[in-house]
Amino acid sequence: MSQPFTEEFKIQAVKQVTDQGYSVASVSERLGVTSSSLYNWIKAYGPDSEEHRQSQEQSDRIKQLEKELKRVIMERDILKEATVFFAGESKKNTRS
C-alpha cells in the first residue's frame, strides 16, 4: 500500500527538481518515492502546471495592486497638504 504524501511534501519535492536542479532520480531515491510519482507531481505542481500559472497570475496582480495603492496614497497625501496650504492662504486673505 502506498504512503499518502501531503501536498506540501510534493511541492517541496518538485522544487528540488525544478528550482534547485537536482535530478528526478536523486530526489526520488532520497525521498523514497518512485520516479513516476515525482514526474506526476512535477506535472501537477511544476512551473508548467495550471496551479503554478494561477499562482503567478495572482502574484502579478498583487504587485500591480500594491503599486497602484502606493500611487493613490501619495496622491492623497499631496491633496491633504494642498488642503492645509490653501486653508492657511484663505485665512490670510480674509484678515486683510
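Structure: see above.
Bear in mind that the values here come from a model prediction, so they are computed numbers and not experimental data.

## Focus: the packing of aromatic side chains
A full pass over the atoms with the stated rule returns 4 aromatic pairs. Note on Phe 5 and Phe 9: the rings are 4.8 Å apart at their centroids and 15 degrees apart in plane angle, and the pair reads as stacked. Chaining the aromatic ring pairs together yields one cluster made of Phe 5, Phe 9 and Trp 41.

## Here we look at the environment of Ile 11
Summarising the element assignment, Ile 11 is placed in helix H1 (residues 7–18). The buried category is assigned to Ile 11, whose relative accessible area is 19%. For the pair Ile 11 and Ile 42, spaced 31 residues apart in sequence, the C-alpha separation works out to 8.2 Å. Apart from residues no more than four positions distant in its own chain, Ile 11 is found in contact with Tyr 45 and Glu 51.

Rules and cut-offs
Residues numbered from 1 in each chain as written. Predicted model: local features only at pLDDT ≥ 70, side-chain atom pairs only at ≥ 80, totals over all residues. Heavy atoms only, no water. Phe/Tyr/Trp six-rings, centres within 6.5 Å; stacked < 30°, edge-to-face > 60°. Helix = DSSP H or I, 4+ residues; strand = E, 2+ residues; numbered from the N terminus. Buried < 20%, exposed > 50% of the residue type's maximum accessible area, 1.4 Å probe, protein only. Contact = heavy atoms within 4.5 Å.

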